[in-house]
Every structure is written in structure tokens, then in C-alpha cells.
Amino acid sequence: MTALTLAAAQSISIAGDLPANIERHLIVMQAAAEHAVQLLVFPELSLTGYEPSLAAGLAIAPDDPVLGPLREMARELGLTAVVGMPIRQAPEAGVSIAALVLGADGSLAVYTKQHLHPGEEVAFVPGQGGAPLEWGDDRIALAVCADFSHPSHPRLAAKAGATIYAVGALISEGGCATDSALLQGYAAEHGLLVLVANHGGPSGGYVCAGRSAIWSANGNLLAAAPGMGDALVIAHRNDEGWAGQVVVL
């Protein structure tokens, strides 16, 4: 298998402050590049915070120039970043919760959250998912939060040939144990490396748990953030297999 370094970017978002959150993302991306990270996954709605009441006013088209600094940084660093943002696919369309894939080669891909939590339908519309990322011998399937609460989601990803399941999420302190057990179970059941990037601070009225983590394809924990705060949870694969580390930012 080819060498690969990927990471969960556990980050703290300022509610509704897109410019400030972009600046923080740039800092985290630079830190990730210093650790040779090739694929960096941020939490759900990382660029705005999880703020359903603000989402309609903050939503952008996926190719909006406001994301230019992030796309340019991805190219400069040779790093692909998956960032969370509310989007509209067309001017009159509803708001989707998106994971935008800002490619190291300047490309842009869109994944939209397919499964909404109860109550999210007030602010958001269900998305259509998105194609897996082709990465050498790997296929990386994306998910956003509630997607992984449906066992069919990772199962279909694995059936389609995914080797890595990468999740951007908002997981509260109260839900962390249950969600972590689910994700670990998917890793072992489907033979997937599973990554989850969670918010490192409060968002949308939730006390987020932090504890972003990566599990190997046999369900073993490779690395996990100890709690809240900004951090990189990194997994690196070489000829000897996967190894993990945590870098507190």
C-alpha cells in the first residue's frame, strides 16, 4: 500500500464568523502540513459553527470566492482539506450541510449530508452525498455527522470499495460514548479505517466532546484527542502499517 498521512482537524469555531474561522482553518492547515498531512478533515459546519438559525444567511455557492484563501493554501501546501460549510447548490435552493473538498491540485468536490438529525429540517434540506475520493489504492468515503448513525451509510460505502470512512461531526459530551462505539464498530465490521473530526469547543448551544479519533480497520484505536481544544489527530501509513499521533495546537 502507498504511504498516506491523514488527520482529523479538531477545531473551535466562532459562531457565524466566517472570516475568523477561515483564518483559523489556515493556521490549522499550516500546522498539518508541518506533519506531512495529505488529507485533513474538519468538523461539521466548521467554517460557521453549528448554527442552524444563521445558516440561511451564511450559505454560499460551493465555488464562492470567499473560500479562495483556503483553496490557495491547499494548493500551496499540497494538502487536500475537507471543510464544513452551509451551501446552496442554486440561488433558490434550500440550504445543505456540505463537506467541501478543497483539493491539493486546485480541484473542488462537494459532499452534502444525506441524513438530517430530527429538527434540522427546519434549517436544512437533505443532501445527495458525493463521490468517494480516489487516492492511490484507496477510496475515501465522506460522511457528515448523522449520516453515520444510519448503519446503511458505512455499509454501502464499504460495498462500493471504500477503504477509509472520514466523518466531520458535531458530537456532544452526552453522545460521545455511543457515537465512538458505533464508529469503532464500523471499522471492525467493514474493515475500514475510520476517522472522525469533532468540534473542540461549544457550538450551537452544545457542549462538544472533542475526542476526535481514528480507528484502524480492525477496530483498534490509533489515536484520539484527550478532550476539547484545537488538535490534530493524525494517522500515517507506511510499509509496516498504520501509526497514530495527537498534536495539540
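Residues numbered from 1 in each chain as written. Predicted model: local features only at pLDDT ≥ 70, side-chain atom pairs only at ≥ 80, totals over all residues. Heavy atoms only, no water.

For the chain, an unreviewed UniProt entry supplies the name Carbon-nitrogen hydrolase family protein and the organism Pseudomonas azadiae.

A. Region of the structure containing the pairing of strand β7 (residues 138–144). Here β7 lies mainly inside the structure; six of its seven residues are buried. Counting the residues in the hairpin turn of strand β6 (residues 133–135) and β7 gives two residues, including Gly136, whose phi is positive at 60 degrees. Bridge count for β7 against strand β8 (residues 164–168) is five bridges, and the pairing is parallel. Within the sheet, the bridge partner assigned to Ala143 lies in β8 and is Val167. (Buried < 20%, exposed > 50% of the residue type's maximum accessible area, 1.4 Å probe, protein only. Helix = DSSP H or I, 4+ residues; strand = E, 2+ residues; numbered from the N terminus. Pairing = 2+ DSSP bridges.)

B. Expanded view of the UniProt feature "domain: CN hydrolase" (unreviewed entry) in the chain. Per the UniProt record, the feature "domain: CN hydrolase" (unreviewed entry) sits at residues 4–239. Secondary structure content for residues 4–239 is 24% helix and 28% strand, while the C-alpha to C-alpha distance between its ends is 10 Å. (UniProt positions renumbered as here; feature names shortened; annotations may be inferred.)

C. Layout of the sheet that holds strand β2 (residues 39–41). With mixed pairing, seven strands are arranged side by side in an open sheet as β5-β4-β3-β2-β1-β12-β13. In this open sheet, the two edge strands, each paired with only one partner strand, are β5 (108–112) and β13 (241–248). Each adjacent strand pair in this sheet contributes to an overall mean axis angle of 25 degrees, direction not counted. Where strand β3 (residues 80–87) meets strand β4 (residues 96–102), seven bridges bridge the pair, whose relative direction is antiparallel. Each residue of the ladder has a partner; that of Met85, found in β4, is Ala98. (Axes fitted to C-alpha atoms, helices over the stretch in contact; angles between N-to-C directions.)

D. Summary view of the side chain of Asp179. Inspection of the secondary structure puts Asp179 in helix α5 (residues 176–190). The side chain of Asp179 sits in the buried core without any salt bridge; Lys113 is the nearest counter-charge, 10 Å away. (Lys, Arg positive; Asp, Glu negative; His and termini not counted. Salt bridge = Lys/Arg side-chain N within 4 Å of Asp/Glu carboxyl O.)

E. Looking closely at the environment of Leu58. Along the chain, Leu58 falls in helix α2 (residues 52–58). On the accessibility criterion, Leu58 (19% relative accessible area) is buried. Residues Leu58 and Gly16, 42 residues apart in the sequence, show an inter-C-alpha distance of 7.3 Å. For Leu58, the residues in contact, after removing those within four places along its chain, are Gly16, Thr48, Met85 and Pro86. (Contact = heavy atoms within 4.5 Å.)

F. Highlighting the packing of aromatic side chains. Here the structure, examined in full by the defined rule, presents one aromatic pair. Taking the centre distance of 6.0 Å and the plane angle of 70 degrees together, the rings of Tyr50 and Tyr206 count as edge-to-face. One end of the pair, Tyr50, is in the loop between β2 and α2; the other, Tyr206, is in the loop between β9 (193–197) and β10 (213–215), with 156 residues separating them in the sequence. A relative accessible area of 8% places Tyr50 in the buried class. (Phe/Tyr/Trp six-rings, centres within 6.5 Å; stacked < 30°, edge-to-face > 60°.)

G. Summary view of helix α1 (residues 18–34). For α1, spanning 17 residues, the distance from its first C-alpha to its last is 24 Å, which sits close to the expected 24 Å at 1.5 Å a residue. Those residues of α1 lying buried are Leu18, Asn21, Ile22, His25, Leu26, Val28, Met29, Ala31 and Ala32. Check the buried side of α1 and you find it contacts β1 (4–10), β2, α3 (68–77), β3 and β12 (231–238). A side-chain oxygen of the first residue of α1 lies 3.1 Å from the backbone nitrogen of Ala20; this N-cap is Asp17. Among the residues trailing α1, Ala36 stands out with phi positive, at a value near 65 degrees. (Expected span 1.5 Å × (residues − 1). Polar contact = N/O pair within 3.5 Å; in protein donor to acceptor, adjacent residues only side chain to side chain.)

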